[in-house]
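A look at the structure
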Amino acid sequence: MLFKEIIYLIRKDLVLEWRQKYAFNGMLLYVSSTVFVCYLSFGLRSGALTVPVWNAVLWIILLFTSVNAIAKSFMQENRGRLLYFYSIVSPQGVILSKIIYNALLMLVLALICALFYGLVLGNPVQDVPMFLLSILLGALGFATSLTMISGIASKAANSSTLMAVLSFPVIVPMLLMLIKMSKNALDGLDRSASLDELLTLLAINMIVVTVSYILFPYLWRS
């Protein structure tokens, strides 16, 4: 029953995204314009963009992209639609479907951003599989953390500001580990050097999903 609810809700979000293409297209425009501004700032000056700066700027772009993309998870749902969902689906199905949908959305945006970023500003990555794994873990981590925060912030009047405040202490430790892990991939270091960050990020994602599954029903009732 829960699996059917999740599939139904994911299909609903996909249909809404397909009908309102401006949301996804807006994210693509944001990514492309930000990368182009970085190219104008760094790419036209020879040697200005070192590997650590290249790595940090990429994750800053991905962070703001994820916040803008996932912030609308619950904020775009009107009160009548939420009341309808409250009567036909379980809260666990709602939060899991939102997490899965946002993870897929962030994975697509992150891959597009990394590809376009590498084409415009050069590609210094030496260990491509490990770098792609860091992108995958980053997309999943941002999606799981920001989805629950979006649900909490949607209950407040000034939801956008509250989401930014709540997400800061959650995202920063994750972002630091992602930057270190991707930096190791950029330098071509042995993959065992990134094992601690890899396990920690996997544990964080599992903990956030579990906590969201347990606590979201209490938030849903309010």
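Placed above this text is the structure.
Structural notes, computed from the coordinates.

Cut-offs applied
Residues numbered from 1 in each chain as written. Predicted model: local features only at pLDDT ≥ 70, side-chain atom pairs only at ≥ 80, totals over all residues. Heavy atoms only, no water. Salt bridge = Lys/Arg side-chain N within 4 Å of Asp/Glu carboxyl O. Buried < 20%, exposed > 50% of the residue type's maximum accessible area, 1.4 Å probe, protein only. Helix = DSSP H or I, 4+ residues; strand = E, 2+ residues; numbered from the N terminus. Phe/Tyr/Trp six-rings, centres within 6.5 Å; stacked < 30°, edge-to-face > 60°.

**Some points on the pattern of salt bridges**
A full pass over the atoms with the stated rule returns 5 salt bridges. Here Asp-13 makes a salt bridge to Lys-12, at a shortest N to O gap of 2.9 Å. Note on accessibility: Asp-13 and Lys-12 belong to one class, buried. With its nearest N and O atoms 3.7 Å apart, the salt bridge here joins Lys-98 to Asp-13. With a gap of 85 residues between them, Lys-98 in helix H6 (residues 91-121) and Asp-13 in helix H1 (residues 2-19) connect regions that are remote in the sequence. For the pair formed by Lys-98 and Asp-13, the shared burial category is buried. What emerges from the salt-bridge pattern is a single network uniting Lys-12, Asp-13 and Lys-98.

**Here we look at the packing of aromatic side chains**
One pass over the full model with this rule turns up 4 aromatic pairs. Taking the centre distance of 6.4 Å and the plane angle of 75° together, the rings of Trp-59 and Phe-142 count as edge-to-face. Residue Trp-59 is located in helix H3 (residues 51-70), and its partner Phe-142 is located in helix H7 (residues 128-153); the two are separated by 83 residues in the primary sequence. Three or more aromatic residues joined by ring pairs form one cluster here, namely Trp-54, Tyr-117 and Phe-131.

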